[in-house]
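# Geometric and topological summary
Here is how the chains run, residue by residue.
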Amino acid sequence: MISIGARITALLLRIYTYPYRKKHMSLSRTVKVDHKPYDPPKNYRHEIIDANGTAVEVLKPSNQNSAVCIVQFHGGGHTQAMNGMYRKVAERLCKLTECPVYSINYKIGNGLVFPSVHDECYSAYIALAENQLKRKEIIAIGDSFGANLMLSTCLRLRTVGIPLPKALIAISPYIDLAAIGDSYKKNCYRDPLYSLPKNQKFKEHEQFIRRKTPYCGNTSPFDSKLSPIYAEYYDFPDMLIQCGELETSASDSETLYLKAKSAGVKVELSEYGGMWHDFLYLTPFLKESKTAWKEIQQFIFNIRNRL
């Protein structure tokens, strides 16, 4: 059953996003986020390191588990840099797991096209794996477009024979840039972040609800290097997928789960009823979000105990 807090929050989100949804504006391109100087919590150490030309923010708890680390591929399309929300995510991951978190702060820009951001994240991950994290066990986490970058990086690692992370966590993955899933129609009026206003017909505005991104450039959105939903997932590590039931892109999570499972991957999918894209990041105070974070904590503990 959906909590009262989640119902109220969904309504408030729907009201807040209405001006953007009415004009079919991209939230990641238009909504301003916190870019204030970062002051880490007490007993945490924060530093910025270089990974083959890409800045990586490192957050380490004083009681860190030195054998395991987390690499974060943040979302926000290719237009949002590392920000206050993702630093809070890193803090939460540190607190729940006692693991240091390495957040890849890839370069952003409205004019970027594939494969720019994908290449940068792959290069940065390689640099981390070969240097700072050479003797560490890595668990990777990515949300939205960040999950795309994470999965694409892992597919390239597999191709060249470089070890993949020990486990993957995909939060509301945006991995089908062709956006052909059934959920875009099913949730076209239900998603509080990306739905159409009730007075706009799906057939007339389908191109907007499917959120085609200019990042594709001249690359087909069905190219598995750009849209990892079209890849195969043999030899992949354990995977946890979380998404909200109301997401227009919920089909991405569902298809990823089925493809990974058919490839023999030990994979879990948790689709939270009544919830929206990145709900545990955007609204961590909700009952459903707390449950999702506990699930991530347990997943990481299970992986760490097997190492």
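Provided above is the structure to which this section pertains.
In this report, we go over the structure that sits alongside the text.

Take the layout of surface pockets next. The volume enclosed by the largest pocket comes to roughly 1,100 Å³. Considering the residues around the largest pocket, the lining is formed by 43 residues, among which S26, L27, S28, R29 and Y194 are closest to the centre. Counting residues per element, the lining of the largest pocket draws most heavily on helix α1 (residues 4-22), which supplies five residues. Looking at the lining of the largest pocket residue by residue, the classes come out as 19 nonpolar, 16 polar and eight charged.

Below, the discussion takes up the packing of aromatic side chains. Applying the stated rule across the entire model yields nine aromatic pairs. Pairing Y16 with Y20 gives two aromatic rings, centres 6.0 Å apart and planes at 45 degrees, and the pair type is tilted. Placement of both Y16 and Y20 in helix α1 is noted, with a separation of four residues, approximately one turn of the helix. According to the relative accessible area criterion, Y16 is partly exposed, its value standing at 46%. For the pair F222 and Y230, a centre-to-centre distance of 5.4 Å together with 55 degrees between the ring planes defines the contact as tilted. Overall, the relative accessible area of 46% leaves F222 in the partly exposed class. The class for Y230 is partly exposed, based on a relative accessible area of 26%. The ring of Y234 carries R158 above its face, with NZ or CZ at 3.8 Å from the centroid. Just above the ring of Y194 sits the side chain of R211; from NZ or CZ to the centre is 4.0 Å.

This part covers the sheet that holds strand β7 (residues 238-244). One open sheet accounts for eight strands, arranged β1-β2-β4-β3-β5-β6-β7-β8; its pairing is mixed. The open sheet terminates on both sides in strands that have one partner only, identified here as β1 (44-51) and β8 (267-272). Neighbour to neighbour, the strand axes of the sheet diverge by 20 degrees on average, direction disregarded. Pairing of β7 with β8 involves six bridges; the strand directions are parallel. The residue of β8 that forms the bridge with G244 is Y272. Set on the sheet, helix α5 (residues 145-160) makes contact with β3 (68-73), β5 (137-143), β6 (167-171) and β7; between it and β5 the angle comes to about 140 degrees.

Turning our eyes to something else, we now look at the nonpolar core. The biggest cluster of nonpolar side chains holds 52 residues, and the ones touching the most others in it are F73, Y102, L151, Y233, F236 and M239. When neighbours within four sequence positions are excluded, F73 is seen to be in contact with I104, C121, Y125, A140, I141, G142, D143, G146, L149, M150 and T153. By size, the runner-up hydrophobic cluster in this structure holds 37 residues, among which are A10, I70, I141 and I296.

What follows concerns the packing of helix α3 (residues 84-97) against helix α10 (residues 287-306). Helix-helix packing is described using two parameters, namely the angle between the two axes and the distance between the axes. Packing of α3 against α10 brings their axes to within 10 Å, and their N-to-C directions diverge by 55 degrees. Considering their axes alone, α3 and α10 lie oblique with respect to each other. Crossing handedness for the pair α3 and α10: right-handed. Judged by residue contacts, V89, R92, L93, L96 and T97 of α3 engage W293, I296, Q297, I300, F301 and R304 from α10.

Turning our attention to the pairing of β6. Most of β6 sits inside the fold, with five of its five residues counted as buried. On β6, burial covers both faces: A167, I169 and I171 on one face and L168 and A170 on the other are all buried. One ladder, built from five bridges, connects β5 with β6; its direction is parallel. Opposite G142, over in β6, you have A170 as the bridge partner. Regarding topology, α5 serves as the crossover connection from β5 to the parallel β6, and that connection is right-handed. Of the strand pairs in this sheet, β6 and β7 are connected by five bridges, and their pairing is parallel. What sits directly across from L168, in β7, is M239.

This part is about a positive patch on the surface. Among the surface-exposed residues, R92, K95, K290 and K294 lie close enough to one another that they form a single positively charged patch. At the level of secondary structure, the elements contributing two or more residues to the positive patch comprise α3 and α10. By secondary structure assignment, the location of K95 is in helix α3.

Turning our eyes to something else, we now look at the pattern of salt bridges. Opposite charge on two side chains permits them to pair, given that their charged atoms come into close proximity. Taken as a whole and assessed by the stated rule, the structure comprises ten salt bridges. Here R87 ties to E57 by a salt bridge, and the two come within 2.7 Å at their closest N and O atoms. With R87 in helix α3 and E57 in strand β2 (residues 54-61), this pair connects stretches of sequence that are 30 residues apart. Assessed through its relative accessible area of 12%, R87 is described here as buried.

What follows is about α1. For α1, with 19 residues, the first-to-last C-alpha span of 26 Å sits near the 27 Å given by 1.5 Å per residue. Of all the bends found along α1, the most pronounced is centred on Y16 and spans about 40 degrees, while P19, a proline, follows it within four residues. The complete set of buried residues in α1 reads A6, T9, A10, L13, T17, Y20 and R21. Residues of α1 that are buried sit in contact with α2 (27-30) and α10. Of the residues flanking the end of α1, it is H24, one or two places downstream, whose phi is positive at about 60 degrees.

About the thresholds
- Residues numbered from 1 in each chain as written.
- Predicted model: local features only at pLDDT ≥ 70, side-chain atom pairs only at ≥ 80, totals over all residues.
- Heavy atoms only, no water.
- 1 Å grid on protein atoms, 1.4 Å probe; cavity = no way out; pocket = protein on both sides within 12 Å on 5 of 7 lines; lining within 4 Å.
- Points joined across faces, edges and corners; volume = space filled by probe spheres on them.
- Helix = DSSP H or I, 4+ residues; strand = E, 2+ residues; numbered from the N terminus.
- Nonpolar A, V, L, I, M, F, W, Y, C, P; charged D, E, K, R; others polar.
- Phe/Tyr/Trp six-rings, centres within 6.5 Å; stacked < 30°, edge-to-face > 60°.
- Buried < 20%, exposed > 50% of the residue type's maximum accessible area, 1.4 Å probe, protein only.
- Lys NZ or Arg CZ within 6 Å of the ring centre and 35° of its normal.
- Pairing = 2+ DSSP bridges.
- Axes fitted to C-alpha atoms, helices over the stretch in contact; angles between N-to-C directions.
- Contact = heavy atoms within 4.5 Å.
- Core = buried A, V, L, I, M, F, W, Y, C linked by side-chain atoms within 4.5 Å.
- Parallel < 35°, antiparallel > 145°, perpendicular 65-115°, else oblique.
- Left-handed = near helix turned anticlockwise from the far one by under 90°.
- Right-handed = clockwise from strand over helix to strand, strands pointing away.
- Patch = residues over 30% accessible without salt bridge, like charges linked within 9 Å, V, L, I, M, F, W, Y side chains within 5 Å.
- Areas by Shrake-Rupley, 256 points an atom, 1.4 Å probe, with all protein chains shown as cover.
- Salt bridge = Lys/Arg side-chain N within 4 Å of Asp/Glu carboxyl O.
- Lys, Arg positive; Asp, Glu negative; His and termini not counted.
- Charge placed at Lys NZ, Arg CZ, Asp CG, Glu CD.
- Expected span 1.5 Å × (residues − 1).
- Bend = angle between axes of the 7 residues up to and from the residue.

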